[in-house]
Amino acid sequence: MKYLSEWDQWKRCSSKSWERFVEKAREMTAHLELWRKDIRSIEGKFGTGIQSYFSFLRFLVLLNLVIFLIIFMVVLLPVLLTRYKITNSSFVLIPSEGADIQCTVYPISSSGLIYFYSYIIDLLSGTGFLEDTCLFYGHYTIDGVKFQNFIYDLPLAYVLSTVAYLALSLLWIVKRSVEGFKSNLIRSEEHFQSYCNKIFAGWDFCITSRSVADLKHSSLRYELRADLEEERIRQKIAERTSEETIRIYSLRLFLNCIVLAVLAACFYAIYRATIFSQEHMKKEIDKMVFGENLLILYLPSIVITLANFITPIIFAKIIHYEDYSPGFEIRLTILRCVFMRLATICVLVFTLDSKITSCDNYPCELCGYNQKLYPCWETQVGQEMYKLMIFDLIIILAVTLFVDFPRKILVTYCSSWKLFQCWGQQEFAIPDNVLGIVYGQTICWIGAFFSPLLPAVATLKFIIIFYVKEISLLYTCKPSPRQFRASNSNFFFLLVLLIGLCLAIIPLTISIARIPSSKACGPFTNFNTTWEVVPKMVSTFPSSLQSLVHGVTSEAFAVPFFMILCLVMFYFIALAGAHKRVVVQLREQLSLESRDKRYLIQKLTEAQRDMRNRLD
């Protein structure tokens, strides 16, 4: 027996104590998890597929809260501390550097003081009294904040906060996606192993509460139903003849052409609606009635919402004729809807960018953009994102209150009518609901630069959506007869969210790096583009550090770095393939050993039977 020194004993005791502390801390934090009880109750009553939607919604609430805290600490807090004289600091105004006087004109509408309904319009559209608040970009028309020992560079902080929240979102999503991919890879390797794990090792023997045991029992039942449903689909596919295979693939090709036609029609309708709204937006409010004003302001949002409402219904009808498994149906429907919902935002932003940088009857060389129509174009883009966010919440609340609950009442108390029998009780559509929150999150990523407080609005919106969807699920919906697992859904939801982030980065990068910044508002009035503040910061570095930064950002460094990344990626792909082949071989050996054991047991049984016969 090896003797341990006092130092080794202390290290071992410390290690065990730390492990116990970490385990207790995890248990404590698990009890403090947001909506833990509600999500577990949903899992037991409606399965892990719907539970994964609410867990995904909880993740977005936390993500937006962190994004808001980043922007608040970096951009808003120094401004508030100075404005309300909490610290001994002062604003550094932006110096005038020869900008034409026409480019610095920014008339803010004050019509909210005249009409009683103007406050409602301002609240819904971000205009009027909200336009010059800290909600939008134009409010931050200062060069910095001067403290006792240093000057806080607000333009640089504004850009870095945008880069920070995009990088944080990317890393957080990738981290969760990798965890989901590992779980998905393990569970998809062997279906028989999945059955065995659920039947023989799926129960948690630490459960002591009867209600928790019922929820766990229901969850396992839903998982087994999903496995059996997918196994039935696999057997059906395996039994297809060549004629049936050709027929189904021809039908899928035709239906995908219809999907592309629907997408093209929606994109064109959004483009025309945005052009019409922007051309008539500057009409005097005195000549408009209340409804006409709201219609003009919200026309792109209305068209986008109608497209988002109609296309999932069309895609859901189409997918039933394509004969896929339930899990793949959800993934394909989400992919189709993601190109619809997220591309509509990109179409809106690119249409606005084209209108901002084009001048019909007067030159744009003076300011670099259409100053007459867009004196502070960043604020107006932020208002469009704000309107999309608010209108999406209004539609969700309206559909729940005026469609879902009346449908439940009619189906429950008028069940003798054949029309309501055919209509039936509503099912919780996971693809449509997931795309709804991904759509809202993409709006938040794009609009957070133009409207710094939009993540706070998104956080409140997702909290409201959680409770509204939970109430709607519990009181108006029924469990879907087609079961599906959450293991694939969790990973795929994050993959769709990652696609939304990539699509959000594209128009945001173009707006920051290519379109001239407004000369009438914002912290970048003395810069040609927003991104110019970064080279200006680099020019203040020491010469050696400047050379290092220029070298890292040059093509001479980027091309070899990209080639090395490709080689490393190919190496890991080959390594993963080799590991997979080894795993397959080990499974084959285990299968052969089990057959050998079964053969030996069979021979032993026969020998014992012969021995008994001889003795008799």
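Residues numbered from 1 in each chain as written. Predicted model: local features only at pLDDT ≥ 70, side-chain atom pairs only at ≥ 80, totals over all residues. Heavy atoms only, no water.

Caption draft 1: View of the overall build of the chain. Within the chain, the secondary structure is distributed over 18 helices and 5 strands. Looking at the 616 residues of the chain, the share that counts as buried comes to 42%. Of the roughly 35000 Å² that the chain leaves accessible, carbon and sulfur atoms contribute 66%. (Helix = DSSP H or I, 4+ residues; strand = E, 2+ residues; numbered from the N terminus. Buried < 20%, exposed > 50% of the residue type's maximum accessible area, 1.4 Å probe, protein only. Areas by Shrake-Rupley, 256 points an atom, 1.4 Å probe, with all protein chains shown as cover.)

Caption draft 2: Representation of the UniProt feature "transmembrane region" (unreviewed entry) in the chain within the structure. Per the UniProt record, "transmembrane region" (unreviewed entry) is annotated on residues 56-81, 156-174, 253-274, 295-321, 385-403, 445-468, 489-510 and 557-578. Secondary structure across residues 385-403 comprises 100% helix and 0% strand; the distance between its end C-alpha atoms is 26 Å. Across residues 557-578, helical content stands at 100% and strand content at 0%; the span's end C-alpha atoms are separated by 32 Å. (UniProt positions renumbered as here; feature names shortened; annotations may be inferred.)

Caption draft 3: Representation of the state of the cysteines within the structure. If you walk through the whole model with that rule in mind, you get 1 disulfide. Covalently, Cys376 is tied to Cys521 through a disulfide, its sulfur atoms 1.8 Å apart. Disulfide Cys376-Cys521: torsion about the S-S bond near 85°, hence right-handed. Highlighted residues: Cys376 in the loop between α10 (326-356) and α11 (377-413) and Cys521 in the loop between α15 (486-513) and α16 (533-538), separated in sequence by 145 residues. An identical accessibility class is assigned to Cys376 and Cys521; each is buried. (Disulfide = S-S within 2.5 Å.)

Caption draft 4: Just the pattern of salt bridges, in detail. In this structure the tally under the stated criterion is 3 salt bridges. Residue Asp392 pairs with Lys461 through a salt bridge whose shortest N-O separation is 2.7 Å. Of this pair, Asp392 sits in helix α11 while Lys461 sits in helix α14 (residues 454-476), placing them 69 residues apart in sequence. Here Asp392 and Lys461 have matching classes, each one buried. Here Glu606 makes a salt bridge to Lys603, at a shortest N to O gap of 4.0 Å. Of this pair, Glu606 and Lys603 both sit in helix α18 (residues 555-615), 3 residues apart, roughly one helical turn. Accessibility expressed as a relative area gives 30% for Glu606, which makes it partly exposed. (Salt bridge = Lys/Arg side-chain N within 4 Å of Asp/Glu carboxyl O.)

Caption draft 5: Here's a closer look at the nonpolar core. Core analysis: the largest hydrophobic core is formed by 114 residues, its most contacted members being Phe54, Phe56, Tyr165, Trp445 and Phe449. With 15 residues, the top contributor of residues to this core is helix α3 (residues 48-83). In contact with Phe54, other than residues within four places in its own chain, are Ile39, Ile42, Phe428, Phe466, Lys469, Glu470 and Leu473. (Core = buried A, V, L, I, M, F, W, Y, C linked by side-chain atoms within 4.5 Å. Contact = heavy atoms within 4.5 Å.)

Caption draft 6: Structural view of the packing of aromatic side chains. Enumeration according to the criterion identifies 17 aromatic pairs in this entry. On the numbers, 6.3 Å between centres and 15° between planes, the contact of Tyr137 with Phe524 is stacked. On the criterion of sequence distance, the pair formed by Tyr137 in the loop between α4 (118-125) and β2 (144-146) and Phe524 in the loop between α15 and α16 is long-range, its members being 387 residues apart. Among the aromatic residues, ring-to-ring pairing joins Tyr137, Tyr140, Tyr158, Trp377, Phe449, Phe450, Phe524 and Phe527 into one connected group. Seen from the ring of Phe59, Arg176 lies directly overhead, with NZ or CZ sitting 4.3 Å from the centre. (Phe/Tyr/Trp six-rings, centres within 6.5 Å; stacked < 30°, edge-to-face > 60°. Lys NZ or Arg CZ within 6 Å of the ring centre and 35° of its normal.)

Caption draft 7: Examining the packing of helix α2 (residues 36-46) against α14 more closely. Direction vectors running N to C along α2 and α14 enclose 30°, while the axes themselves pass 12 Å from each other. Considering the angle they form, α2 stands roughly parallel to α14. Crossing angle aside, the handedness with which α2 passes α14 is left-handed. Counted together, Asp38, Ile39, Ile42, Lys45 and Phe46 of α2 and Phe466, Glu470, Leu473 and Leu474 of α14 form the full contact between these two elements. Classifying every residue of the contact of α2 with α14 by side-chain character gives 6 nonpolar, no polar and 3 charged. (Axes fitted to C-alpha atoms, helices over the stretch in contact; angles between N-to-C directions. Parallel < 35°, antiparallel > 145°, perpendicular 65-115°, else oblique. Left-handed = near helix turned anticlockwise from the far one by under 90°. Nonpolar A, V, L, I, M, F, W, Y, C, P; charged D, E, K, R; others polar.)

Caption draft 8: Expanded view of the packing of α3 against helix α13 (residues 430-450). Running from N to C, α3 and α13 point in directions that differ by 10°, and their axes come no closer than 10 Å. As judged from the angle between their axes, α3 and α13 are roughly parallel. Residue-level inspection shows Gly49, Ile50, Tyr53, Phe56, Leu57, Leu60, Leu63, Asn64, Ile67 and Ile71 of α3 in contact with α13, the latter providing Ile430, Asn433, Val434, Ile437, Val438, Gln441, Cys444, Trp445 and Ala448.

Caption draft 9: Looking closely at the environment of Ala264. Structurally, Ala264 is set in helix α8 (residues 242-280). Relative accessible area serves as the criterion here: at 45%, Ala264 is assigned to the partly exposed category. In the structure, Ala264 is positioned 76 residues away from Met340 in sequence and 9.4 Å away in space, judged by C-alpha atoms.

Caption draft 10: Just a nonpolar patch on the surface, in detail. Side chains of Leu545, Leu548, Val552, Phe557, Phe561 and Leu565 sit close together on the surface and give an oily, nonpolar patch of about 530 Å² of accessible area. At the level of elements, α17 (543-552) and α18 are the ones that each hand at least two residues to the nonpolar patch. Mapping Val552 onto the fold places it in helix α17. (Patch = residues over 30% accessible without salt bridge, like charges linked within 9 Å, V, L, I, M, F, W, Y side chains within 5 Å.)

Caption draft 11: Up close: the confidence of the model for the chain. For the chain, mean pLDDT is 77; residues scoring 70 or higher make up 82% of the total. For the chain, per-element mean pLDDT is lowest for helix α12 (residues 418-423), which scores 64, and highest for α14, which scores 90. (pLDDT = per-residue confidence, 0-100.)

Caption draft 12: Quick look at the environment of Glu43. Tracing the chain through its elements places Glu43 in helix α2. Judged by relative accessible area, Glu43 falls into the partly exposed class, the value being 23%.

Caption draft 13: Representation of the side chain of Ser518. Note on placement: Ser518 falls in the loop between α15 and α16. By relative accessible area, Ser518 is classed as buried at 0%. At 3.2 Å, the side chain of Ser518 forms a polar contact with the backbone nitrogen of Trp377. A distance of 2.4 Å separates polar atoms of two side chains, one belonging to Ser518 and the other to Glu378. The residues touching Ser518, leaving out its near neighbours within four places in the chain, are Tyr369, Pro375, Cys376, Trp377, Glu378, Phe524 and Thr525. (Polar contact = N/O pair within 3.5 Å; in protein donor to acceptor, adjacent residues only side chain to side chain.)

Caption draft 14: Fine view of the environment of Leu255. One can find Leu255 in helix α8. Residue class for Leu255 comes out buried when judged on its relative accessible area of 8%. Note: C-alpha distance between Leu255 and Phe315 (60 residues apart in sequence) is 9.5 Å. Setting aside chain neighbours within four positions, we find Leu255 in contact with Ile318, Tyr321 and Glu322.

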